[in-house]
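Residues per chain are reported as follows:
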Amino acid sequence: MEPLLACLVGLLFAAALYLMLSGVLIKFVFGLALIGNGINLLIFAAGRLELQQPPLIHPGSEILSHPVANALPQAMILTAIVIGFAMVTFLLVLLYRTYAYTGTLDADEAPFQEEWREDDSCPEPLIRTQQDIKRLRRESEL
Amino acid sequence: MHSVILKTATRLMVGLILVFAVYLLLRGHHEPGGGFSAALVAGTGFALFVITEGPGQVRAAIRLRSTTISLLGLGLAVVAGLPALSIGQPFLTGFWWGPANAPWLGTPLIFDVGVFFAVLGAILAVLLALEEF
Amino acid sequence: MVHTDHDLLTRRCRLMGRLSSLLPALLFILTCRFWPAIVDGQTYLFDAPWLPSLDLSLRFRLDGLSLLFALIITGAGTFVSLYSSSYLGGHRHCGRYFFFLHAFMLSMLGLVLADNLLLLFVFWEGTTIFSFLLIGFDHESKTARENARQSLLVTGGGGLALLLGILLLKIAGGSYIISSWPAAGEMVRQHHLYPFILLAVLLGAMTKSAQFPFHFWLPNAMSAPTPISAFLHAATMVKAGIYLLMRCHPLLGGTPAWTTALVLIGGFTAVWGAVQALGPRDLKRILAYTTIMALGILTMFLGGQTAPALTAAVTFLMVHALYKAALFLAVGSIDHSAGSRIIDSLGGLWRAMPLTAVAVGAACLSMAGFPLFFGFIGKEIMYEGALAKEMYPVFAVTAAVLANALMTAVAAIVLFGPFFGSARAPRQQIHESPWTMWLGPLVLGGVGILFGLIPEWVSRVLIEPAVRSFHPGPEEIRLVFFHGLNLPLLLSLVTLCCGATLYLLRHRACRLVATVVEKLPATFEGLYNLGLSGFMNGAGLLTGRLQNGSLHFYLAVIVSTVILGVGWPWIGKLSGIFGRWPESIDTTALALLLFVSGSVFVVVTARKRLAAIGGLGGVGAGVALIFLLFGAPDIAMTQLLVETLTVIFVSLVMLRLPAIEQARRRTVRRRCLDGGLALAGGLLLTSLLIGVGSEPLDRSLTSYFEANSYLAAHGRNIVNVILVDFRSFDTLGEIIVVVLAAWAAVTLIRKPMEP
């Protein structure tokens with residue numbers, strides 16, 4: 001089964017890289033979410049897939065009475081999933097904040113290429129209220 | 001959202017979801033579940049609550065600030081490591097109370113509860129902030 | 001209001017300076033208590049382990065040489081901090097100044113007391129850093145910053161060379177323990193690494209002690225406050241290199257290479273420094289060049305191996321420390337009172353500043369080497385040493401006479417220029433400086449006279465123990481007041497006559513030096529500047545090329561580096577991986593794989609936001625089901641819940657973002673490039689994973705967890721037990737990360753809404 005899963009991991013990686021390279025920041029976050037899934041599957045598959053019983057000790061017995069799936073990668077993946085979730089959430093918010101200041105999500109556009117300002121000042125945010133959001137969306141849809 | 005059916009159903013659902021979360025948390029040491037999944041279940045329940053009733057209602061309902069909840073969780077997790085220190089064992093070594101063959105309370109359980117509150121607080125903080133801005 | 005603030009600052013500064021000068025004063029008294037025993041030939045040792053694995057110990061040893069240096073450091077330190085309390089006036093950064101000053105002093109003291117070479121290096125670097133901070137004390141001035149950087153780069157670079165030398169020394173069979181060196185000397189000198197050790201140690205010593213061609217940083221270091229120049233760049237820090245040479249003498253000295261290098265470099269530095277001292281009009285710069293001359297003389301005499309040559313070095317070290325510190329402090333007073341250090345705009349100051357004038361007079365006469373002064377004693381023994389056989393006598397004597405003659409002329413210029421002749425400013429505007437500022441020069445100058453009158457005593461209690469500690473031998477070490485009519489005395493007379501002549505011709509000489517220096521085709525300072533600007537430009541060019549602000553470029557570089565770095569060594573092992581397909585394929589699993597692949601396709605090609613979010617959810621759910629299928633209900637559940645929440649959060653944020661429909665499409669060329677990179681990355685991962693699968697798996701850790709999960713940790717769910725018990729410290733770290741990420745996100749969301 002591993003070779004097939006390996007192909008899926010490769011596909012997830014390729015798709016994630018392609019999205020991240022696009023230069024559109026939303027797609028970048030999508031790519032990051034995909035790559036997280038890919039990594040989790042990678043760790044999972046590296047711990048082998050022959051055994052399909054969950055790693056639980058049945059009530060009544062004190063030790064495992066039958067071979068079970070590898071518990072170690074599972075424990076690693078479990079925390080990785082939650083951390084990946086926190087990471088994606090933070091990136092989403094960062095994305096929004098970037099958009100509020102620059103008005104664009106295209107990393108190849110001018111505001112991202114700007115030199116540092118001499119006086120270290122911050123640019124004024126474009127978005128302060130809900131009205132600003134609506135206005136910007138209207139403008140971008142025109 | 002202004003759907004009466006949704007609102008009524010939500011009241012019932014959120015309660016059920018939270019009870020389920022606590023169930024998952026408590027059985028986690030022996031069956032699938034545990035602090036992480038329980039916190040995510042509770043977080044989903046609160047997400048439903050926030051979407052139907054709005055963040056103000058949710059804040060009023062939980063009373064505590066979400067940062068307090070996550071700090072409480074981290075604190076519990078750290079406290080769970082202390083008993084071991086007092087008898088000279090490494091920090092966070094498991095420590096159980098009760099009969100030797102079936103102890104009913106151990107520091108790993110306290111730790112798991114700490115994980116639950118820490119993650120739940122984190123989810124709530126982002127959820128409420130996202131709904132409010 | 002401003003005035004009051006200034007007064008307050010002045011008072012605070014004065015208090016700080018006077019109180020903190022107690023530290024060196026107490027240390028001085030402490031050192032003096034050890035003095036009698038040292039004269040009797042004892043040594044004191046303190047040893048405590050620090051990093052035993054590196055052979056680094058806190059090993060301090062007080063012997064004759066350390067004592068002499070410690071006395072100079074603490075004695076000069078006392079006067080300098082006392083002096084600074086008035087000199088700084090109401091400077092804003094008084095506290096910083098005194099902290100740097102005393103930190104430097106303690107590093108220097110540590111340097112001369114350390115008996116472990118690595119420990120010595122630690123203190124050596126300490127003096128470099130505090131010297132840098134003190135030269136750049138006036139950090140708002142660009143020149144000061146540049147000069148500080150220059151001294152840091154030159155002496156710091158030398159420090160690196162020294163470290164290399166120390167490590168090589170250890171390899172060559174030497175020891176870090178300095179007091180064990182005399183025994184190991186022969187072995188190290190015969191070792192094939194000896195030339196490299198010598199080169200590295202000399203580089204360290206010569207950058208620190210401003211020897212040609214690294215001498216240029218010292219005159220520039222004069223942008224430091226004047227008391228600092230007196231302390232660091234005349235009396236103590238620049239002598240660290242000399243100290244190192246003295247310490248290394250029994251280990252590395254005595255070979256032709258050592259003697260030739262030191263005598264030639266030292267002699268040339270001495271003459272060239274003294275010649276250049278005629279050029280500048282700024283008193284401080286003049287003194288800086290004479291310091292270079294003095295350091296050159298010291299280096300030259302350390303090339304010798306006979307008692308007179310080494311005695312000459314130690315004696316002149318003291319002579320120089322006394323008169324140069326006095327002169328620098330006095331120049332600071334002149335600057336403070338008359339408002340200028342330029343020799344042409346000063347004159348007739350002796351009426352206004354009689355005490356300073358007396359101090360400068362004593363110091364200058366000692367510097368010129370007049371009889372009755374300590375400088376004379378130093379010069380006599382110097383000539384005696386220079387006449388020794390192995391010192392290339394003709395060269396050494398010529399260099400010493402030339403340098404001393406020039407020094408005499410410079411002493412006359414420094415004495416007569418500002419204090420005699422016609423006054424350049426109304427008298428009442430100039431006043432004698434406060435007692436804290438004339439006391440130091442006066443005492444130091446006075447000691448110069450005193451020592452000149454009792455040379456036998458000085459040689460018995462100071463010079464002899466110092467020389468003996470790095471040159472144990474049966475030869476007699478003695479300074480005498482008058483040697484009788486001999487060759488050294490004749491040379492002294494020649495020196496004085498030449499000096500007088502040079503002084504009379506000073507204007508012409510000055511012009512000549514200025515012209516020559518200007519006409520030099522290339523100087524080492526120019527080379528340094530060229531190197532520095534080349535380095536900066538190169539770095540700028542590289543940064544501009546690599547950090548061009550394009551996310552696509554960064555990612556492409558990272559991804560291709562990973563692909564090449566991991567893939568290149570991997571490519572040879574690829575054969576034998578493919579072709580091992582499983583015999584039976586589970587249809588449920590296959591269906592799931594196809595479902596996930598389809599969802600991935602949707603995410604990549606989506607032109608609508610909603611479709612992309614849906615695809616993402618599909619991928620997550622599919623992966624969760626794969627987990628479930630292969631015996632991982634815990635992560636399957638977590639994954640499903642996380643996917644739900646992710647979709648909620650993504651939707652909440654997406655409501656406020658522009659549609660991806662508006663995003664620009666990539667050009668076909670870039671699509672191909674990106675696609676190629678992505679495909680290569682995916683293939684690499686697939687092949688790696690298949691490769692991992694074909695290796696045997698080590699399940700010992702899992703077996704341990706399985707065996708102990710219930711019996712030791714009372715839990716039936718092994719995954720959960722790993723998380724909350726076996727590896728709970730990791731989990732604690734992870735929940736901290738989660739909470740911090742959430743708080744960061746909340747702060748980012750809220751910030752502009754609450755202006």
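Just so it is clear, the model here is predicted, and its values are computed rather than measured.

### What to know about the pattern of salt bridges
All names here are of chain C.
Moving on, step 1. The full count for this structure, using the stated rule, is 17 salt bridges over all chains.
Moving on, step 2. Salt-bridge contacts for Asp-674 lead to Arg-670; the nearest nitrogen and oxygen are separated by 3.6 Å. On the criterion of helical spacing, the pair formed by Asp-674 and Arg-670 is a turn pair, its members being four residues apart in helix α27 (residues 668–693). For the pair Asp-674 and Arg-670, a shared accessibility class is recorded, and that class is buried.

### Quick word on the interface of chain C and chain A
Moving on, step 1. With 101 residues of chain C at the contact, the number on the chain A side is 90 residues.
Moving on, step 2. Contact between chain C and chain A buries roughly 8,800 Å² in total, counting both sides, with carbon and sulfur atoms accounting for 75%.
Moving on, step 3. Area buried by chain C at its contact with chain A is led by Phe630(C), Leu689(C) and Arg716(C), which between them contribute 8% of it.
Moving on, step 4. Where chain C packs against chain A, one counts zero salt bridges.
Moving on, step 5. At the boundary of chain C and chain A, one finds 17 residue pairs in polar contact (both at pLDDT 80 or more).
Moving on, step 6. Of all elements in the fold, only α23 (551–571), α24 (587–605), α25 (609–629), α26 (633–654), α27, α28 (700–708), α29 (718–726) and α30 (728–750) of chain C reach the threshold of two or more residues within the side of chain C that touches chain A.
Moving on, step 7. Looking at the side of chain C that touches chain A element by element, the count peaks at 15 residues for α27(C).
Moving on, step 8. Partitioned by chemical class, the residues of the side of chain C that touches chain A number 65 nonpolar, 20 polar and 16 charged.

### Looking at the packing of aromatic side chains
Residues and elements named next belong to chain C.
Moving on, step 1. Under the definition given, this model contains 27 aromatic pairs over all chains.
Moving on, step 2. Geometrically, the ring pair formed by Tyr-83 and Tyr-87 is stacked, given 5.8 Å between the ring centres and 25° between the ring planes. Of this pair, Tyr-83 and Tyr-87 both sit in helix α3 (residues 64–87), four residues apart, roughly one helical turn. Comparing Tyr-83 with Tyr-87 shows no difference in burial state: the two are buried.
Moving on, step 3. Ring centres 5.6 Å apart and planes at 50° place the aromatic pair Phe-416 and Tyr-503 in the tilted group. Note that Phe-416 is positioned in helix α17 (residues 393–419) and Tyr-503 in helix α20 (residues 487–504), a separation of 87 residues in sequence.
Moving on, step 4. Taken together, the ring pairs connect Phe-46, Phe-60 and Phe-123 into an aromatic cluster.
Moving on, step 5. The ring of Tyr-176 carries the charged tip of Lys-170 above its face, separated from the ring centre by 4.8 Å.

### Quick notes on the UniProt feature "transmembrane region" (unreviewed entry) in chain B
Residues and elements named next belong to chain B.
Moving on, step 1. Per the UniProt record, the feature "transmembrane region" (unreviewed entry) sits at residues 12–28, 34–51, 71–97 and 109–130.
Moving on, step 2. The annotated region residues 12–28 carries 94% helix and 0% strand content, and the separation between its end C-alpha atoms amounts to 24 Å.
Moving on, step 3. In the segment residues 109–130, helix accounts for 100% and strand for 0%; the C-alpha atoms at its two ends are 32 Å apart.

Quick notes on the rules
Residues numbered from 1 in each chain as written. Chains lettered and ligands numbered in written order. Predicted model: local features only at pLDDT ≥ 70, side-chain atom pairs only at ≥ 80, totals over all residues. Heavy atoms only, no water. Salt bridge = Lys/Arg side-chain N within 4 Å of Asp/Glu carboxyl O. Helix = DSSP H or I, 4+ residues; strand = E, 2+ residues; numbered from the N terminus. Buried < 20%, exposed > 50% of the residue type's maximum accessible area, 1.4 Å probe, protein only. Contact = heavy atoms within 4.5 Å. Buried area = accessible area lost by both parts, 1.4 Å probe. Polar contact = N/O pair within 3.5 Å; in protein donor to acceptor, adjacent residues only side chain to side chain. Nonpolar A, V, L, I, M, F, W, Y, C, P; charged D, E, K, R; others polar. Phe/Tyr/Trp six-rings, centres within 6.5 Å; stacked < 30°, edge-to-face > 60°. Lys NZ or Arg CZ within 6 Å of the ring centre and 35° of its normal. UniProt positions renumbered as here; feature names shortened; annotations may be inferred.

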